[in-house]
Amino acid sequence: MTERGTTRVTVYRTPPHPPTNEWGDPLDVDTVHLSGVIGSLLMREARQWQPGEHRLTNVEQWVFRPINYTVDIAESDRIEDERTGDRFVVESVTLKPSYVGRKRLRVELKKIN
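Just so it is clear, the structure is predicted and the values come from calculations on it, not from any experiment.

## Overview of unusual backbone geometry
One non-glycine residue with positive phi stands out, namely His54, at about 55°. The residue Ser76 is not glycine, and still its phi comes out positive at about 75°. Tracing the backbone shows Ser76 in the loop between strand E3 (55-66) and strand E4 (78-81).

## Thoughts on the packing of aromatic side chains
For the structure on display, the rule yields 1 aromatic pair. Between the aromatic rings of Trp62 and Phe88, the centroid separation amounts to 4.9 Å while the plane-to-plane angle is 50°, which identifies the pairing as tilted. Taken together, the residues span a long stretch of sequence, with Trp62 in strand E3 and Phe88 in strand E5 (residues 87-96) at a distance of 26 residues. On the basis of relative accessible area, Phe88 is assigned to the buried category, the value being 0%.

## Remarks on the pairing of E3
Put simply, side chains in a regular strand alternate between the two faces of the sheet. As defined by bridge partners, strand E2 (residues 32-50) adjoins E3 across 12 bridges and the pair is classed as antiparallel. In the strand pairing of E3, Ala46 is matched with Val59. In this structure, the hairpin formed by E2 and E3 is closed by a connection of 4 residues, where His54 is found at a positive phi of approximately 55°.

## Digging into the pattern of salt bridges
Applying the stated criterion to the full structure yields 6 salt bridges. Between Glu80 and Arg87 there is a salt bridge, with the nearest N and O atoms lying 3.5 Å from each other. Connected via shared salt-bridge partners are Arg13, Asp72 and Asp77.

## A look at the side chain of Thr10
As for its placement among the helices and strands, Thr10 is situated in strand E1 (residues 7-12). Given a relative accessible area of 8%, Thr10 falls into the buried group. Setting aside its immediate chain neighbours within four residues, Thr10 contacts Val32, Leu34, Ser35, Arg78, Ile79, Glu80 and Glu82.

## Overview of the sheet that holds E3
Ordered in space as E1-E2-E3-E6-E5-E4, the 6 strands form a closed barrel in which the pairing is antiparallel. Averaged over neighbouring strand pairs, the angle between their axes works out to 45° when direction is ignored. By the bridge criterion, 3 bridges tie E4 to E5 in an arrangement that is antiparallel. Residue pairing across strands places Arg78 opposite Val89, the latter belonging to E5.

## Considerations on the nonpolar core
Phe64, Ile73, Ile79, Val107 and Leu109 are the most contacted members of the largest nonpolar core, which totals 14 residues. It is strand E6 (residues 104-111) that provides the largest number of residues to this core, a total of 3 residues. Aside from chain neighbours lying at most four places away, what touches Phe64 is Val9, Val37, Ile38, Gly39, Ser40, Leu41, Ile73, Ile79, Leu105, Arg106, Val107 and Leu109.

The rules behind each value
Residues numbered from 1 in each chain as written. Predicted model: local features only at pLDDT ≥ 70, side-chain atom pairs only at ≥ 80, totals over all residues. Heavy atoms only, no water. Helix = DSSP H or I, 4+ residues; strand = E, 2+ residues; numbered from the N terminus. Phe/Tyr/Trp six-rings, centres within 6.5 Å; stacked < 30°, edge-to-face > 60°. Buried < 20%, exposed > 50% of the residue type's maximum accessible area, 1.4 Å probe, protein only. Pairing = 2+ DSSP bridges. Salt bridge = Lys/Arg side-chain N within 4 Å of Asp/Glu carboxyl O. Contact = heavy atoms within 4.5 Å. Axes fitted to C-alpha atoms, helices over the stretch in contact; angles between N-to-C directions. Core = buried A, V, L, I, M, F, W, Y, C linked by side-chain atoms within 4.5 Å.

If you want it as structure tokens, here you go:
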């Protein structure tokens, strides 16, 4: 099975003890954790039921699949697409086996810009 990367991303991670504001809340710091990570960034639309509004709505589901499954990406990291400048926050990271024995990393994202 051949995988093809369609973009490069930069991964930002907040340090363990981030600076705080005047109220003591941690600030988001754009510290580059990884850069130039090659992979495919996919978006698909899905229909989702909104029980409070009693209707279906369209939502975007974003997934990043890096070529190298050993790349260090964790939940709450932020990812920036180097080609388009779009920013995402990592919602979940799962390592899935494939049928041919090669593991695949699936990173589910939420667009934040």
